[in-house]
Amino acid sequence: METIRIKYFTDKIEKLTYIDGKSDWIDLRAAQDVDLKQGEFKLIPLGVAMELPKGYEAHIVPRSSTFKNFGIIQVNHQGVVDCSYCGDNDQWFMPALAMRDTHIACNDRICQFRIVENQPKIEFREVETLGHADRGGFGSTGKQ
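The model shown is predicted, which means the values in this text are computed figures rather than measured ones.

## With respect to the pairing of strand β6 (residues 56-62)
A large share of β6 lies buried, amounting to 5 of its 7 residues. One ladder, built from 7 bridges, connects β6 with strand β11 (residues 109-117); its direction is antiparallel. Paired with Y56 across the bridge in β11 is E117. Where β6 and strand β8 (residues 79-82) come together, 4 bridges link them in antiparallel fashion. Within β8, the residue paired with A58 across the bridge is V81.

Written out as structure tokens, the structure reads:
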């Protein structure tokens, strides 16, 4: 089990918890009240900074209910925090765009994260052919 050192920027949010057996994603909360008008952008503070283990990064994404509950989208679609972002003032934020007028209360769960190991070192080797049949189209269906 890894231990992550965490700094909280406010005592108004619940402490992070890992719920074993339910999901390996951990909820993050708005660290202040936020009011947004449709079309407005804001970096919403999440009230935490962490010292991730060397060789790991955090992936931050919206919760499945975030758009339904708050009408916001995370503009980078997935935030990545690497282990070098670990200073005393390196608070995590969610970059949000309001699709409707909305209010987010301090301590509302708005996104989630998980810790993943960094991609291994890879090299690319150029070839004339990959030697496999074409599936056609794009995506998993192969249809256009």
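## What about the nonpolar core?
With 25 residues, the main nonpolar core has L28, I44, I72, W92, I104, I110 and F113 as its most contacted residues. Of all the secondary-structure elements, those providing two or more residues to this core are β2 (26-29), β3 (34-36), β5 (48-51), β6, β9 (93-98) and β11.

## Things to note about the sheet that holds strand β4 (residues 41-45)
If you walk across this open sheet you meet the 3 strands as β4-β9-β7, and the pairing is antiparallel. Edge positions in the open sheet fall to β4 and β7 (72-74), since each of these has one partner strand only. Adjacent strand axes in the sheet meet at a mean angle of 40° when their direction is disregarded. Of the pairings in the sheet, the one linking β4 to β9 comprises 5 bridges and is antiparallel in character. Its bridge partner lying in β9, L43 is registered against P95.

## Looking at the packing of aromatic side chains
Each aromatic ring pair is specified by the distance between its two centres and by the angle formed by the two planes. Enumeration according to the criterion identifies 1 aromatic pair in this entry. Both rings, one in W92 and one in F113, keep their centres 5.2 Å apart while their planes meet at 90°; by these two values the pair is edge-to-face. With a gap of 21 residues between them, W92 in the loop between β8 and β9 and F113 in strand β11 connect regions that are remote in the sequence. You can call F113 buried: its relative accessible area is 3%.

Thresholds applied
Residues numbered from 1 in each chain as written. Predicted model: local features only at pLDDT ≥ 70, side-chain atom pairs only at ≥ 80, totals over all residues. Heavy atoms only, no water. Buried < 20%, exposed > 50% of the residue type's maximum accessible area, 1.4 Å probe, protein only. Helix = DSSP H or I, 4+ residues; strand = E, 2+ residues; numbered from the N terminus. Pairing = 2+ DSSP bridges. Core = buried A, V, L, I, M, F, W, Y, C linked by side-chain atoms within 4.5 Å. Axes fitted to C-alpha atoms, helices over the stretch in contact; angles between N-to-C directions. Phe/Tyr/Trp six-rings, centres within 6.5 Å; stacked < 30°, edge-to-face > 60°.

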